[in-house]
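# Fold and contact review
Residues per chain, in single letters:
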Amino acid sequence: MNIQRFPALALAFCLVYVPIASAAQSEATYSAGPLLDQALNEAVDTGLIPGAVLIVGHNGQTIYRKAYGHRALVPYKEPMTLDTIFDAASLTKVVATMPSIMKLFQEGKVRMDDPATKYLPEFEDGHSQITVRNLMTHFSGMPPDLILEPRWSGYKTGIEKALHTQPTTPPGARFVYSDINFILLGEIVHRVSGEMLNVYAQENVFKPLDMTESRFLPPASWRPRIAPTEIDPDTGLPFRGVVHDPTSRYMGGVAGHAGLFTTADDLARYAQMWLNKGWEKDAQTGVRVQLFSPMTIQKFTEPGTPPDQPIIRALGWDMDSPFSSNRGELYPIGSFGHTGFTGTSLWIDPSTNSYVVLLTNVVHPHRGKSLSSLRCQVATLVAASFGVDVPGVTLTGYNETLSMAGVHRVVARNVETLTGLDVLETERFKPLLGKRIGLVTNQTGLDRSGKRNVDAMLGEGVKVTTLYSPEHGIAGIADTNVGNGKDAKTGLPIISLYQPKQRRLTPDKMRNVDALVYDIQDVGARFYTYSCTMLYALQEAARAHKPFYVLDRPNPITGTHVEGPILDNNLHSFVGCYAMPLRHGMTFGEIATMANAEQHWGADLHVIKMKNWQRGDWFDSSSLVWVNPSPNIRNLTEALLYPGVAMLEAAENYSVGRGTDAPFEQIGADWIDGRQLAGVLNSQFIPGVRVYPTEFEPSSSHLAGKKIQGVRFVVTDRERFDSVRLGLEIAVALEKLYPRRIDFERCKWLIGNQTVINEIKAGMDPVRIERQLIQQEEEFANRRKAYLLY
């Protein structure tokens, strides 16, 4: 059973054979022990790490505790011992700074959603919108670190630099792991408590938990047991007892992001406190000590990041991000931990009541080696040893954990949806009998058995007199303007509604018609011309006082997602003739109902509703056969990508994949560097989609016959995917990387909103553009409520 969350960003290269075994009762019989020994000894033997200390805890007991390899390699070798003291590096964030903030939070002195300026008034000159939560979750937009050159020194200097560093993105917009966040949090502890972080953490965290070998600024007497780190270029000797992180070192060794020294035993006590929901036994007296309330523990171990982001972090802890390799491949979402640059790591899983402490000094004597695979392997072996049939790791528990983590896993329904055509068939087309019918349709107008609507109608005695075809023609294969014709099977005349300046019904085109029937499958995008074909026909039917029937069909990309800008009044055209967003989340029956009411057309409108369709259904829930609604929308994925990817397709020097086997699943141009563009788009962590570089040669449409570079899209989570967000990211990235290559004036009819076009050209962050559209989307969602049929 795969219990890994779908976009496993950090674990792509973690490959390990994992035997399933029962939980061990003691170190001597721990089933995973030999495999852990093999993995860590191999890491030592190959030179990946000098040595390591590993502690595994389960059900309140230490079940494996072992040292491997060497503590030091230069200037001479020293064996690793269980009591080795390590430079914790970024574990400082979650072992010193975060619990200090928690204490102040629990006492009502700090609130997570307060602006940071409440505690740091001079932050960004008092104008910062960043909250304490943004700092805790690394969604502040602050850059990764302070500028270190030219060299500087002093705690106050470091704080001043942090307070006046400018964010690179708006708060809440993007995950950027930043030491500055925790430098500022350490200063909040200082200002609110009146004590420096090292003093406050010592008295309020380490001392109550009897973590006697955890502290900043370790005394000289500890030095022989401290694992050295990288060689100091100034002395030629390894840092030992002096913090490795240069920013913390410049600040005097005390900072919120780094500076703590600790042992594996102390971290094991700390981890057990989290599993005990804030309680721990005093090592001397055996009396239980409550450091935090269970509700505080819960608060700081539930997701704290924006729900539309693929990164999941708690208030300090990592849960699922590019840095969470030490979760392994079996610990579920809902477990949490952290790593440190020097080689330290800690992972805690309440569902199995276990933790893994793995401490190394991988930067000794030189940095440059990655521990991701080893950390992943160790965590996976440990989790596997407890079996997968435990609370929180079974499929049921996994779904509960995902829900707790703010990841809503929607299980697709499997139903037999009846389209409006199918429903009307069950009534033997009774509403149409005795009328001369003009049928607006194409190749998608099939019933569940695959029979054409016109044939079914004629078979039941309906007098169909005229067929009307939309863009791409009655057969859906034409990619240019469509002329009139005759249906080969029935001999009925076909009048094209996709000829230049002849896209509306006229009295002459309706002279043999008493009522109009519209039956075409949509794809759910504003600029898909079938909606304007319907609305033009509906308006003309109203003028001619002829009844208009819409045989409703599913919105294939659901009726719940509303995305993108509302069409400007001065940008109406045949690719956008009604004020709605790019992805409208409505069926044709609903759009017709809404337009008829809002525009006061007074049409005699009849919507034949579907049966067994719900707003959250994707097309694949319906058990209907997919028929390509147009030549270049060949599957559901392309329909989903279309509202965003097609925003720029009017640019003639740019391809959206038409003329290839994957239209709208890829983009390219002869001026695009595929690797460069893929790197930029992936760095944005766009929810629900990943990107990789590609090459292709269109056989038709733009850039036909040219081999071009570009990128291809992989939808990883369609529920979280926002197609218009992807379109905005593409547009902004192209304008930044290749200025003025895209002719946005040509694309304005597709984008449909001049403000958005101006923001793209100005290089505004796509997340900011998207957020500015929220009000428009909400207003439209409220507008449409009265007209929703499902």
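Residues numbered from 1 in each chain as written. Predicted model: local features only at pLDDT ≥ 70, side-chain atom pairs only at ≥ 80, totals over all residues. Heavy atoms only, no water.

### Regarding the environment of Ile180
Relative to the helices and strands, Ile180 resides in helix 5 (residues 179-193). Spatially, the C-alpha atom of Ile180 lies 8.9 Å from that of Leu163, the residues being 17 residues apart in sequence. (Helix = DSSP H or I, 4+ residues; strand = E, 2+ residues; numbered from the N terminus.)

### Side note on the confidence of the model for the protein
Mean pLDDT over the protein stands at 91; residues scoring 70 or higher make up 93%. Counting interchain partners and residues more than four positions distant, the pLDDT-below-50 stretch residues 388-410 has 41 contacts. (pLDDT = per-residue confidence, 0-100. Contact = heavy atoms within 4.5 Å.)

### Notes on helix 4 (residues 155-163)
For helix 4, the set of buried residues is Tyr155, Gly158, Ile159, Ala162 and Leu163. When helix 4 is viewed along its axis, its buried side chains cluster within an angular range of 130° and face the same direction. Buried residues along helix 4 sit against helix 5. (Buried < 20%, exposed > 50% of the residue type's maximum accessible area, 1.4 Å probe, protein only. Arc of directions from axis to C-beta.)

### Side note on the sheet that holds strand 14 (residues 436-441)
As summarised here, the arrangement of the seven strands in space is 16-17-15-14-18-19-20, forming an open sheet in which the pairing is mixed. Each edge of the open sheet is held by one strand with a lone partner, namely strand 16 (485-486) and strand 20 (605-608). For strand 18 (residues 515-519) and strand 19 (residues 548-551), the ladder comprises three bridges, and the chain directions are parallel. In the sheet register, Leu516 faces strand 19, and the bridge partner there is Phe548. Where helix 15 (residues 588-598) meets the sheet, its contacts fall on strand 18, strand 19 and strand 20, and the angle it forms with strand 20 comes to roughly 160°. (Pairing = 2+ DSSP bridges. Axes fitted to C-alpha atoms, helices over the stretch in contact; angles between N-to-C directions.)

### Some remarks on the pairing of strand 23 (residues 708-715)
Bridge count between strand 21 (residues 666-669) and strand 23: four bridges; the pairing is antiparallel. Across the sheet, the residue bridging to Ala669 is Gln709, located in strand 23. In this structure, strand 22 (residues 689-696) lies alongside strand 23, joined through eight bridges in antiparallel fashion. Residue Tyr692 lies in a different strand from strand 23, and its bridge partner there is Arg712.

### As for the pattern of salt bridges
Side-chain pairing between opposite charges can occur once the charged atoms of the two side chains come close. Across all of its chains, the model carries 41 salt bridges by this definition. With a shortest N-O distance of 3.2 Å, Asp670 and Lys706 are connected by a salt bridge. In this pair, Asp670 sits in the loop between strand 21 and helix 17 (674-683) while Lys706 sits in the loop between strand 22 and strand 23, placing the two residues 36 residues apart along the sequence. Asp670 sits in the partly exposed class, given a relative accessible area of 45%. (Salt bridge = Lys/Arg side-chain N within 4 Å of Asp/Glu carboxyl O.)

### Here we look at the sheet that holds strand 4 (residues 86-87)
Strand order in the open sheet formed by three strands is 4-6-5, with antiparallel pairing between adjacent strands. A strand with exactly one partner marks an edge of an open sheet, and here the two such strands are strand 4 and strand 5 (215-216).

### What about the side chain of Gln666?
Structurally, the position occupied by Gln666 is in strand 21. At a separation of 3.0 Å, a polar atom in the side chain of Gln666 contacts the side chain of Thr660. Setting aside residues up to four positions removed in sequence, Gln666 forms contacts with Ser655, Val656, Gly657, Thr660, Asp661, Thr694, Phe696, Val711, Arg712 and Phe713. (Polar contact = N/O pair within 3.5 Å; in protein donor to acceptor, adjacent residues only side chain to side chain.)

### Brief notes about the pairing of strand 19
Residue alternation in strand 19 divides its side chains into two sets, Phe548 and Val550 and Tyr549 and Leu551, and both sets are buried. As for the winding sense of the linkage, the β-α-β connection from strand 18 through helix 14 (residues 530-544) to strand 19 is right-handed. In this sheet, strand 20 lies alongside strand 19 in parallel orientation, the contact comprising four bridges. Within strand 20, the residue paired with Val550 across the bridge is Val607. (Right-handed = clockwise from strand over helix to strand, strands pointing away.)

### Brief notes about the packing of helix 4 against helix 5
For the pair helix 4 and helix 5, interaxial distance at closest approach is 10 Å and the crossing angle is 115°. Of the two elements, helix 4 crosses helix 5, and the hand of that crossing is left-handed. Along the contact surface, helix 4 presents Tyr155, Ile159, Ala162 and Leu163, while helix 5 presents Ile180, Ile183, Leu184, Gly186, Glu187, His190 and Arg191. Split by residue class, the contact of helix 4 with helix 5 holds seven nonpolar, two polar and two charged. (Left-handed = near helix turned anticlockwise from the far one by under 90°. Nonpolar A, V, L, I, M, F, W, Y, C, P; charged D, E, K, R; others polar.)

### Here we look at unusual backbone geometry
In this structure, Pro150 follows Glu149 across a cis peptide bond, with omega equal to -5°. Looking at the element boundaries, Pro150 is found in the loop between helix 3 (132-137) and helix 4. The omega torsion across His364 and Pro365 is -5°, close enough to zero to call that bond cis. Following the sequence through the fold, Pro365 ends up in the loop between strand 13 (354-360) and helix 10 (372-385). If you check the backbone angles, Arg428 has positive phi at about 55° while not being a glycine. By the element assignment, Arg428 lies in the loop between helix 12 (420-426) and strand 14. The exposed category is assigned to Arg428, whose relative accessible area is 54%. Positioned with a positive phi, His600 is a non-glycine residue whose angle comes to about 55°. Examined against the element boundaries, His600 turns out to sit in the loop between helix 15 and strand 20.

### Quick word on the state of the cysteines
Counted according to the given criterion, the structure contains one disulfide. Disulfide pairing places Cys532 opposite Cys577 at an S-S distance of 2.2 Å. When the S-S torsion is -120°, as for the bridge of Cys532 with Cys577, the disulfide is left-handed. Taken together, the positions of Cys532 in helix 14 and Cys577 in the loop between strand 19 and helix 15 put the pair 45 residues apart, joining distant regions of the chain. Overall, the relative accessible area of 16% leaves Cys577 in the buried class. Cys747 forms no disulfide, and the closest cysteine sulfur to it belongs to Cys532, at a distance of 18 Å. (Disulfide = S-S within 2.5 Å.)

### A look at the nonpolar core
Counting 100 residues, the largest nonpolar core has Phe548, Leu648, Tyr654, Phe713, Ile730 and Leu734 as its most contacted members. When residues of this core are assigned to their parent elements, the largest contribution, nine residues, is made by helix 14. Those residues in contact with Phe713 that sit more than four places away from it in its chain are Leu641, Val645, Phe664, Glu665, Gln666, Ile667, Leu681, Val689, Arg690, Val691, Leu726 and Ile730. (Core = buried A, V, L, I, M, F, W, Y, C linked by side-chain atoms within 4.5 Å.)

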